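Results of the structural survey
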Amino acid sequence: MTARTTTGQGKLYDSIVDTIGNTPCIRVNRLAPDNVRLYVKAEFFNPAASVKDRLAISIIEEAEKRGDLKPGQTVVEATSGNTGIGLAMVCAAKGYPLVVTMAESFSVERRKLMRFLGAKVVLTPKELKGFGMVQKAVELAQEHGWFLAHQFETKDNALVHENTTGREILADFKGRRLDYFVSGYGTGGTIAGVGRVLRKERPETKIVLSEPANAQLVGSGIPQERGPDGAPSVGHSAFEPHPIQGWTPDFIPLVLQEAIDKHYYDALVPVPGPTAIEWSRKLAAEEGILTGISGGATFAVAHQIAEQAEDGTTILAMLPDTGERYLSTPLFENIEEVMTEDERALMTSTPGYQMG
Ligand code: PMP
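Since this is a predicted model, take the numbers as computed values, not measurements.

Moving on: helix H1 (residues 52-66). Taking 1.5 Å of rise per residue, 15 residues should cover 21 Å, and H1 covers 21 Å from first to last C-alpha, within 8% of that figure. The buried fraction of H1 is high, at 11 of 15 residues. Along H1, the residues that are buried comprise Lys-52, Asp-53, Arg-54, Leu-55, Ala-56, Ile-57, Ser-58, Ile-59, Ile-60, Glu-62 and Ala-63. Where H1 is buried, its residues touch strand S2 (37-42), strand S3 (75-78), helix H2 (82-94), strand S6 (147-148) and helix H5 (155-172). Gly-67 sits one or two positions beyond H1 and adopts a positive phi of about 85°.

The next thing to look at is the layout of surface pockets. Of the voids in this model, the largest pocket is the one considered here, and its volume is about 810 Å³. Lining the largest pocket are 47 residues, with Phe-106, Ile-244, Gln-245, Gly-246 and Trp-247 sitting closest to its centre. Every element with two or more residues in the lining of the largest pocket is listed here: H2, helix H4 (129-144), H5, helix H6 (189-201) and helix H9 (293-308). Residue assignment places the lining of the largest pocket across two domains, with domain 1 (16-49 + 165-332) and domain 2 (52-148) each supplying three or more. Approximately 240 Å³ is the volume attributed to the second largest pocket. Taken together, 13 residues form the lining of the second largest pocket, with Ile-57, Ser-58, Glu-61, Val-160 and Thr-164 sitting closest to its centre. Elements that contribute at least two residues to the lining of the second largest pocket include exactly H1 and H5. Considering every element that reaches the lining of the second largest pocket, the biggest residue donor is H1, with five residues. Looking at which domains feed residues into the lining of the second largest pocket, each of domain 1 (16-49 + 165-332) and domain 2 (52-148) gives three or more.

What follows is about the domain arrangement of the protein. Along its sequence, the protein is organised into domain 1 (16-49 + 165-332) and domain 2 (52-148). Distance between the C-alpha centres of domain 1 and domain 2: 23 Å. Facing the 30 residues of domain 1 at the interface are 21 residues of domain 2. For the pairing of domain 1 and domain 2, the buried interface totals around 1900 Å² over both sides, and the portion due to carbon and sulfur atoms is 57%. For Glu-168, the salt bridge goes to Arg-54, with nearest N and O atoms at 2.8 Å. At the surface where domain 1 touches domain 2, the tally comes to 11 residue pairs in polar contact (both at pLDDT 80 or more). Tallied by class, the residues present in the side of domain 1 that touches domain 2 amount to 12 nonpolar, 11 polar and seven charged.

So, how was this worked out
Residues numbered from 1 in each chain as written. Predicted model: local features only at pLDDT ≥ 70, side-chain atom pairs only at ≥ 80, totals over all residues. Heavy atoms only, no water. Helix = DSSP H or I, 4+ residues; strand = E, 2+ residues; numbered from the N terminus. Expected span 1.5 Å × (residues − 1). Buried < 20%, exposed > 50% of the residue type's maximum accessible area, 1.4 Å probe, protein only. Contact = heavy atoms within 4.5 Å. 1 Å grid on protein atoms, 1.4 Å probe; cavity = no way out; pocket = protein on both sides within 12 Å on 5 of 7 lines; lining within 4 Å. Points joined across faces, edges and corners; volume = space filled by probe spheres on them. Domains from an automatic or database assignment. Buried area = accessible area lost by both parts, 1.4 Å probe. Salt bridge = Lys/Arg side-chain N within 4 Å of Asp/Glu carboxyl O. Polar contact = N/O pair within 3.5 Å; in protein donor to acceptor, adjacent residues only side chain to side chain. Nonpolar A, V, L, I, M, F, W, Y, C, P; charged D, E, K, R; others polar.

In structure tokens, the structure reads:
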């Protein structure tokens, strides 16, 4: 093996926002069957460590171009966390105040990160679910004349995934097989944008969409009722609370509807929450890949496909964010703060630095 050396990026960056995107596709070695190639697209390489950094810069810059967002105007959005963290990073870099509405059920570190990045966080009751936090953001925008980001409806969402995420996948798999692409959905921006690109440029690639086993909104076949702007007018009847944060809100977003209507996926595979958590833990402990619960969920589906696939099959799974965002959630539930029995045995196996 040659020595590991690096050469730099070959350029200087003008702003943190210029480091968004161009995330690496990384081979999974120990957890993958030998006869297939299993890759993950690691969105935690984005500056605020999630796929939503792409959406955040797109919403802000497209609104600036249209003149919808005025210099210094407050931005408001309903978000389960990653969009808020991405928007907080972009708004801090560009000098816009940000107010985020968020159901109190989402992890505490998400709120703290947004506040650390200079945003204000308004919590909404967990009984009102995703629908409640969206309503609150709409009210605040109307009352105060703020710019509402509309992540679940805006065209700037799928657009950025078409122009960046999708293009990156095309470039990285140029001249190579790509048999399966696996993704879940929150807003549906990833699947709609990447779907547009793969359907056109790589029609042989099978697109697999996943959703929580206990909240199969797409799988239910029940259409979403919407208001005139495409936003949901009621919650979806197939929704149940699930632990895969960032996935499947309690309605079918307008952005996702394109992927459903235009058949951007070949299979719809449900994943139980505990399976998602188990695979996120395995990716960390057995591959050194630190991703959240939704990353564990997409990887669980990709692994299931890999186990039944013919030799040489190439699979790519989206890993939307970092595992570090889940320290207070069930993902880290069995990770001790104090020394375990094994660790205590190691401590007492040599005479130095004994603790009581
Ligand atoms: N996983 C996590 C952790 C997320 O925050 C999101 C975005 N809400 C997704 C997956 C899904 O991405 P998209 O909104 O593009 O469907």
